[in-house]
Amino acid sequence: MNNLFLIAEIAQAHGGSLQKAHDYIDAVATTGVDAIKFQTHIADAESSIHEPFRVKFTEAYATRFDYWKAMEFTIGEWKELKEHCDATGLEFMSSPFSNAAVDVLEEVGVKRYKIGSGEVSNFLLLEKFSQTKKPVILSSGMSSYDELDAAVAFLKERHVAYSMMQCTTAYPTSAEQLGLNVIQELKNRYQVPIGFSDHSAQISTGVAAVAMGAEFLEFHVILDANEMGPDASASLTIAQAKQLTNDARYIHKSLQHPITKTDTRPFSELKQIFEKSLAVNKTLPKGHYLSFADLEAKKPKGFGIDACEFEKVIGKQLNRTLAAWEFLNTKDID
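All values derive from a computational prediction rather than experimental measurement. (Residues numbered from 1 in each chain as written. Predicted model: local features only at pLDDT ≥ 70, side-chain atom pairs only at ≥ 80, totals over all residues. Heavy atoms only, no water.)

**Remarks on the side chain of Ser47**
Phase 1 of the analysis: Its place among the elements puts Ser47 in the loop between helix H2 (43-46) and helix H3 (64-70).
Phase 2 of the analysis: Excluding its chain neighbours within four sequence positions, the residues that come into contact with Ser47 are Phe65 and Trp68. (Helix = DSSP H or I, 4+ residues; strand = E, 2+ residues; numbered from the N terminus. Contact = heavy atoms within 4.5 Å.)

**As for the packing of aromatic side chains**
Phase 1 of the analysis: Taken as a whole and assessed by the stated rule, the structure comprises nine aromatic pairs.
Phase 2 of the analysis: For the pair Phe123 and Phe154, a centre-to-centre distance of 4.6 Å together with 35° between the ring planes defines the contact as tilted. Taken together, the residues Phe123 in helix H6 (residues 123-132) and Phe154 in helix H7 (residues 145-157) connect sequence positions 31 residues apart.
Phase 3 of the analysis: Residue classification places Phe154 among the buried residues on the basis of a relative accessible area of 12%.
Phase 4 of the analysis: Geometrically, the ring pair formed by Phe292 and Phe310 is edge-to-face, given 5.8 Å between the ring centres and 65° between the ring planes. With Phe292 in the loop between strand S10 (277-280) and strand S11 (295-298) and Phe310 in the segment after S11, the pair connects residues that are 18 residues apart, well separated along the chain.
Phase 5 of the analysis: Joined through ring pairs, the aromatic side chains of Phe38, Phe73, Trp78 and Phe92 make up one cluster.
Phase 6 of the analysis: Positioned above the aromatic ring of Phe5, the side-chain terminus of Arg112 is 4.7 Å from the ring centre.
Phase 7 of the analysis: Directly above the aromatic system of Tyr145 lies the positively charged group of Arg189, at a separation of 4.2 Å from the ring centroid. (Phe/Tyr/Trp six-rings, centres within 6.5 Å; stacked < 30°, edge-to-face > 60°. Buried < 20%, exposed > 50% of the residue type's maximum accessible area, 1.4 Å probe, protein only. Lys NZ or Arg CZ within 6 Å of the ring centre and 35° of its normal.)

**Some remarks on the UniProt feature "domain: AFP-like" (unreviewed entry) in the protein chain**
Phase 1 of the analysis: The UniProt record annotates "domain: AFP-like" (unreviewed entry) at residues 277-334.
Phase 2 of the analysis: Span residues 277-334 is 0% helix and 14% strand, its end C-alpha atoms 18 Å apart. (UniProt positions renumbered as here; feature names shortened; annotations may be inferred.)

As structure tokens, this is what we get:
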């Protein structure tokens, strides 16, 4: 991920509708992001009737197990979605939440895996990832450094290439919860590419994360801001996603071109125009001793003594009469 890598997260915004999932691909393809990410849930493999709802946004499902069941796609449908992504130039990504889901995605074909923050300590799933020999992205979300260190050690032992995202598991995330400072902490601690996974529903957050060193971004998107869903309040609209993409890439590009304030050569012509020369602000007779009250600075530079040297002329005597607003040069003073 040498360039800024942008991931539009769909999660379950499709509501289990295959057509809507395809609609999301078409919409996201207009935003300029690099990848679109779904989630692959297989209810029998990852959940049970005892799992509570994180957000009870609908009465349509008696249990969260039932919800995950309704969000499932067949392997054939996943392949359709992958082919659609390929056709639009989007990288197809999906976070699996079970070993069985990894098997599905291996058959569908993915370049990398995103590990949700709730799976960081699921070493059974981490072992499954390691067997694919593909790189993984760890979300730091709910994890302490001890937990992240343990997961990293597990992956390193298995020679798994990994990167990491600062993330706060709160939907939506408030300004006080963003933890933008953690981006640099993760860079220093792990010495790997670090990104930012956002749930704030704000364009500014992703731009700030890039400015603070994030090398890739993930953010939720939604087709209609009025839609219902567990992540709706933490999502950007398609229009906002376009704006974020434009702004984040702009800032990222700027960071690739640091400037030095010790070299003013690029501004030599402009400095000649904008910088100023000393002049007198009234007609002054020959023999007058110059004071601060006699002086003004006028453009351009080079027609009189540089304005920065005004102190050197205070108290000096004029050797000729100067008209009001005339430039003051060294030949005019004794």
